[in-house]
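The lines below spell out each chain.
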Amino acid sequence: LRGNAKLAVIESAKIPLPNHSLEAVVSNLVFMMVPSVEEVDRIFYEINRVLFPNGTFTFCISHPCFLDQKFCFHHNQFPVGFNYLKEGQEYNFVLINKEGIEIANPHFLDYNYSLETYLNLLSDNGFSLCKTIEVKTERDAYPPYLILHSKK
């Protein structure tokens, strides 16, 4: 696949590619939508399987440390009794359009996983963290997103 990029939507933890077939895997704002730590773990395992030795895995997630902040283009609605330390707890992601109007869908759920969980799953699946980027915006007091760049 050298020199070519392939976009694939995968609805299971199985990646339909042979072992050691990719140089890099990039995921943008996906892992918060996975309903269990076990499934995130299986996906990380599969990513490791399809990567070449020394391949890279980079992903962006909603910053788990600042989930309860209101950002310029979104905020989260939490259930009563929400606890950051309770893994897999559901919450609603609400978009805010340019006019400041909230666009909510009760079926658009994200799932909470701590920063500790993401970092440990990387390590448990054979990845070394190379770089951490807290995505900053001019309009937000806290970084709404976190990018983790790792190597197999």
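As shown above, the structure is provided for reference.
Residues numbered from 1 in each chain as written. Predicted model: local features only at pLDDT ≥ 70, side-chain atom pairs only at ≥ 80, totals over all residues. Heavy atoms only, no water.

**Quick word on the nonpolar core**
Counting residues in each nonpolar core, the largest one holds 26 residues, and the members touching the most others are F31, F44, I47, F57, F59 and Y118. Elements with a minimum of two residues in this core: β1 (22-28), α1 (37-50), β2 (51-62), α2 (115-124) and β8 (145-151). The biggest single contributor to this core is α1, with five residues. Look past the residues within four positions of F44 in its chain and what remains in contact with it is F31, F57, F59, Y118, L121, L122, N125 and F127. (Core = buried A, V, L, I, M, F, W, Y, C linked by side-chain atoms within 4.5 Å. Buried < 20%, exposed > 50% of the residue type's maximum accessible area, 1.4 Å probe, protein only. Helix = DSSP H or I, 4+ residues; strand = E, 2+ residues; numbered from the N terminus. Contact = heavy atoms within 4.5 Å.)

**A few points about the packing of aromatic side chains**
Per the counting criterion, the structure on display carries 14 aromatic pairs. Feature note: the residues F31, F44, F57, F59, Y113, Y118 and F127 constitute an aromatic cluster, connected by ring pairs. A cation over a ring is seen here: R139 above F73, with NZ or CZ 5.3 Å from the ring centre. (Phe/Tyr/Trp six-rings, centres within 6.5 Å; stacked < 30°, edge-to-face > 60°. Lys NZ or Arg CZ within 6 Å of the ring centre and 35° of its normal.)

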